[in-house]
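Architecture and fold: a report
Next come the chains, spelled out residue by residue.
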Amino acid sequence: MNKLSAALPIAHVVLRILIVLNWLGGAAILALLVVMPNEQWIMAAFKLSPSPDADRLVMGLRAVAVLGLATIPLNYVVLKRLLAIVGTVREGDPFVAANASRLQTIAWSLLALQLFSIVIGAIGKAVSTPAHPVHLDAGFSINGWLAVLLTFLLARVFAEGARMREDLEGTV
């Protein structure tokens, strides 16, 4: 058994776990938005006294949570398509048009996630004050944008590989 074939079952399991964790994360964000935090809870958690800055911070954090909730389906799209690609690799048939399409969809989802990250980072900067700094792991990411470009490129490579394979099978 080579290393690639040993990695495929691990990738399959990890992707399944990540799908569950993604939905659990979405449920946690939804609970934070709907069930738990009222304004007093948020203000107490950040040790804020009523002020325009406090109101702006609360609204900013709610906006970040809503955007975070919007990323859950995008993450799901990426994870499900990666899982399908792993399945085709396990079957020994990865260079198919379906995988090119899956990679294209993943690339668009990653692009959307990068845009969400920039907006979330901007909200964090806008509501942050010297007295109550907001540090979010969001904003522009060179690695994230490189992943977007690489995924679009891989989608094109897979599409070309699938086309060449079909051409070759047609000549045999």
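Residues numbered from 1 in each chain as written. Predicted model: local features only at pLDDT ≥ 70, side-chain atom pairs only at ≥ 80, totals over all residues. Heavy atoms only, no water.

On to the packing of aromatic side chains. Per the counting criterion, the structure on display carries three aromatic pairs. Each ring, one from Trp23 and one from Tyr76, has its centre 5.1 Å from the other, and the planes form 50°; the classification is tilted. Of the two residues, Trp23 is situated in helix 1 (residues 3–34) and Tyr76 in helix 3 (residues 52–90); the sequence distance between them amounts to 53 residues. A residue is classified by how much of its surface remains accessible, and Tyr76, at 29% relative accessible area, is partly exposed. On the numbers, 5.0 Å between centres and 85° between planes, the contact of Trp108 with Phe152 is edge-to-face. On the criterion of sequence distance, the pair formed by Trp108 in helix 4 (residues 97–127) and Phe152 in helix 5 (residues 142–171) is long-range, its members being 44 residues apart. Here Phe152 falls in the partly exposed class, since its relative accessible area comes to 23%. (Phe/Tyr/Trp six-rings, centres within 6.5 Å; stacked < 30°, edge-to-face > 60°. Helix = DSSP H or I, 4+ residues; strand = E, 2+ residues; numbered from the N terminus. Buried < 20%, exposed > 50% of the residue type's maximum accessible area, 1.4 Å probe, protein only.)

Take Ala7: it is sitting in helix 1. Of the residues examined, Ala7 reaches a relative accessible area of 36% and is grouped as partly exposed. Taking the C-alpha atoms as reference points, Ala7 and Ile106, 99 residues apart in sequence, are found 21 Å from one another.

Next up on the list: helix 5. For helix 5, which comprises 30 residues, the first-to-last C-alpha distance of 43 Å matches the rise-based estimate of 44 Å (1.5 Å per residue) to within 8%. Every buried residue of helix 5 is accounted for by Gly144, Val148, Thr151, Ala155, Phe158 and Ala162. Against helix 4 lie the buried residues of helix 5. (Expected span 1.5 Å × (residues − 1). Contact = heavy atoms within 4.5 Å.)

Moving on, we come to the nonpolar core. Nonpolar side chains in soluble globular proteins tend to end up buried together. Residues Ile42, Met43, Leu48, Ala54, Leu57, Val58, Leu61, Val127 and Val134 constitute the largest nonpolar core, which totals nine residues. For this core, the secondary structure elements donating two or more residues are helix 2 (39–45) and helix 3. In terms of residue count, the dominant contributor to this core is helix 3 (four residues). Once you skip the residues sitting within four places of it in the chain, Val134 turns out to touch Leu57, Gly124, Val127 and Ser128. In this structure, Val78, Ala100, Ile106 and Ala155 belong to the second largest nonpolar core, which totals seven residues. (Core = buried A, V, L, I, M, F, W, Y, C linked by side-chain atoms within 4.5 Å.)

Next up on the list: the layout of surface pockets. Once rolled over the atoms, a probe with the size of a water molecule shows which space is left empty. Of the pockets and cavities examined, the second largest pocket occupies roughly 160 Å³. Lining of the second largest pocket is provided by Thr71, Asn75, Leu110, Leu113, Gln114, Phe116, Ser117, Ile120, Ala138, Gly144, Ala147 and Val148. Every element with two or more residues in the lining of the second largest pocket is listed here: helix 3, helix 4 and helix 5. Top contributing element to the lining of the second largest pocket by residue count: helix 4, with six residues. Class assignment of the residues belonging to the lining of the second largest pocket gives a composition of seven nonpolar, five polar and no charged. (1 Å grid on protein atoms, 1.4 Å probe; cavity = no way out; pocket = protein on both sides within 12 Å on 5 of 7 lines; lining within 4 Å. Points joined across faces, edges and corners; volume = space filled by probe spheres on them. Nonpolar A, V, L, I, M, F, W, Y, C, P; charged D, E, K, R; others polar.)

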